[in-house]
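Residue-level structural notes
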Amino acid sequence: MNDAPAPFGAPAETANPGEAGGFFETGRPRIGGLLHPVRFSDEQAAVINAVADTMIPPDPRWPTASEVDLVTFVGRYVTPSGYKNKHFPFAEEDDVKAGLDRLGRSFVDGDTAARTQAVEALEKAEDPLFEQLRALVYYGYYSRPVVTLAINRNLPAGRDYHGPPLPYGYLQTTEPWDEELLTQAQETGSYLETDDVVRVDLSQLSWTK
């Protein structure tokens, strides 16, 4: 470990390794992940892509998981070496890279059956790497704009889907407000000012009969 400032990854304070519990962020994680993603070797990147194609098998109607740059996405949500993350999926660089190296070239070169068996072995062993990669692959894949377009194209129920509801909301599917009901609510509705709210005394209540 070194005493260099932590990589930019959150809008709150950062801490050096070994300080503040070893966490490199004290607030919410940065939206979009790390500004500078963790980098992987060519073989590690190939393993990530092979895992992605194993968890989301290629289909001619859908973008291939290994072709939507999941390697960069994974790198944005892996905590840099020397720091301990406190946010899902709790994937730390050294552990993730060690797991990718264990799978290695044999996994990349294996056929579908061999890859599936290797991934199932991780799951059955309750290896944290399985849950971390599964979360990163699924979240990464379904966050890609090209996948959103495929959902629009391939699923009748997804024709008006545009990805995350914020910041615009589902404008095309939200029903308009009933102006008549709104008028009635304004005429007969009421509310209590915050300063007028009082605590209810529950001290006399009992669950015994």
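Cut-offs and rules
Residues numbered from 1 in each chain as written. Predicted model: local features only at pLDDT ≥ 70, side-chain atom pairs only at ≥ 80, totals over all residues. Heavy atoms only, no water. Helix = DSSP H or I, 4+ residues; strand = E, 2+ residues; numbered from the N terminus. Buried < 20%, exposed > 50% of the residue type's maximum accessible area, 1.4 Å probe, protein only. Contact = heavy atoms within 4.5 Å. Areas by Shrake-Rupley, 256 points an atom, 1.4 Å probe, with all protein chains shown as cover. Patch = residues over 30% accessible without salt bridge, like charges linked within 9 Å, V, L, I, M, F, W, Y side chains within 5 Å. Salt bridge = Lys/Arg side-chain N within 4 Å of Asp/Glu carboxyl O. Lys, Arg positive; Asp, Glu negative; His and termini not counted. Charge placed at Lys NZ, Arg CZ, Asp CG, Glu CD. Core = buried A, V, L, I, M, F, W, Y, C linked by side-chain atoms within 4.5 Å. Expected span 1.5 Å × (residues − 1). Polar contact = N/O pair within 3.5 Å; in protein donor to acceptor, adjacent residues only side chain to side chain. pLDDT = per-residue confidence, 0-100. Phe/Tyr/Trp six-rings, centres within 6.5 Å; stacked < 30°, edge-to-face > 60°.

**Comments concerning the overall build of the protein chain**
Within the protein chain, the secondary structure is distributed over seven helices and zero strands. Helices (α) and strands (β) of the protein chain occur, in sequence order from the N terminus, as α-α-α-α-α-α-α. A total of 209 residues make up the protein chain; the buried ones form 35% of that total. The long-range share in the protein chain, meaning contacts at least 24 apart out of those at least 6 apart in sequence, stands at 62%. With an accessible surface of roughly 14700 Å², the protein chain has 54% of that area assigned to carbon and sulfur atoms.

**Description of a negative patch on the surface**
A grouping of Glu 120, Glu 123, Glu 126 and Glu 131 is seen on the molecular surface, where their side chains present a negatively charged patch. With respect to the helices and strands, Glu 126 occurs in the loop between helix H4 (112-124) and helix H5 (128-142).

**Here we look at a nonpolar patch on the surface**
On the surface, Phe 88, Phe 90 and Tyr 139 cluster together into a nonpolar patch covering about 380 Å² of accessible area. Turning to its location among the elements, Phe 88 is positioned in the loop between helix H2 (70-76) and helix H3 (93-109). Judged by relative accessible area, Phe 88 falls into the exposed class, the value being 54%.

**A closer look at the nonpolar core**
Formed by 36 residues in total, the largest nonpolar core has its most connected members in Phe 40, Val 51 and Val 78. Breaking this core down by element, the ones donating at least two residues are helix H1 (42-55), H2, H3, H4, H5 and helix H6 (145-154).

**Examining H5**
In this model, H5 (15 residues) spans 22 Å end to end at C-alpha, consistent with the 21 Å of a helix rising 1.5 Å per residue. Those residues of H5 lying buried are Leu 129, Phe 130, Gln 132, Leu 133, Ala 135, Leu 136, Val 137, Gly 140 and Tyr 141. Its side-chain oxygen at 2.9 Å from the backbone nitrogen of Leu 129, Asp 127 defines the N-terminal cap of H5.

**Some details on unusual backbone geometry**
For Asp 69, which is not glycine, the phi torsion reads 60° and is therefore positive. As for its position among the elements, Asp 69 is in the loop between H1 and H2. Of note, the phi angle at Glu 126 is positive, near 55°, even though the residue is not glycine. Note on Glu 126: relative accessible area 70%, which makes it exposed.

**Remarks on the environment of Val 71**
Here Val 71 is to be found in helix H2. Separated by 19 residues in the primary sequence, Val 71 and Ala 52 place their C-alpha atoms 9.6 Å from one another. Excluding anything up to four places from it in sequence, Val 71 contacts Phe 40, Ala 45, Ile 48 and Asn 49.

**A few points about the confidence of the model for the protein chain**
In this model, the protein chain carries a mean pLDDT of 82, and residues with pLDDT of at least 70 account for 75%. The lowest-confidence element of the protein chain is helix H7 (residues 179-188), averaging 70 in pLDDT; the highest-confidence one is H1, averaging 98. Under a pLDDT of 50 for its full length, residues 1-13 has, in the predicted model, 36 contacts with residues more than four places off or in other chains.

**A word on the packing of aromatic side chains**
Under the criterion given, the structure shown has four aromatic pairs. Taken together, a centroid distance of 6.2 Å and an interplanar angle of 85° make the contact between Phe 88 and Tyr 139 edge-to-face. Taken together, the positions of Phe 88 in the loop between H2 and H3 and Tyr 139 in helix H5 put the pair 51 residues apart, joining distant regions of the chain. Ring geometry for Tyr 141 and Tyr 142: centres 5.0 Å apart, planes at 90°, overall edge-to-face. The class of Tyr 141 is buried, set by a relative accessible area of 2%. These aromatic residues form a ring-pair network of at least three members: Phe 88, Phe 90 and Tyr 139.

**Thoughts on the side chain of Glu 93**
Its location among the elements puts Glu 93 in helix H3. Note on Glu 93: relative accessible area 14%, which makes it buried. Among the polar contacts listed, one links the side chain of Glu 93 to the side chain of Lys 97, at a separation of 2.7 Å. Excluding residues that lie within four positions of it along the chain, Glu 93 makes contacts with Val 38, Val 78, Thr 79, Pro 80 and Ser 81.

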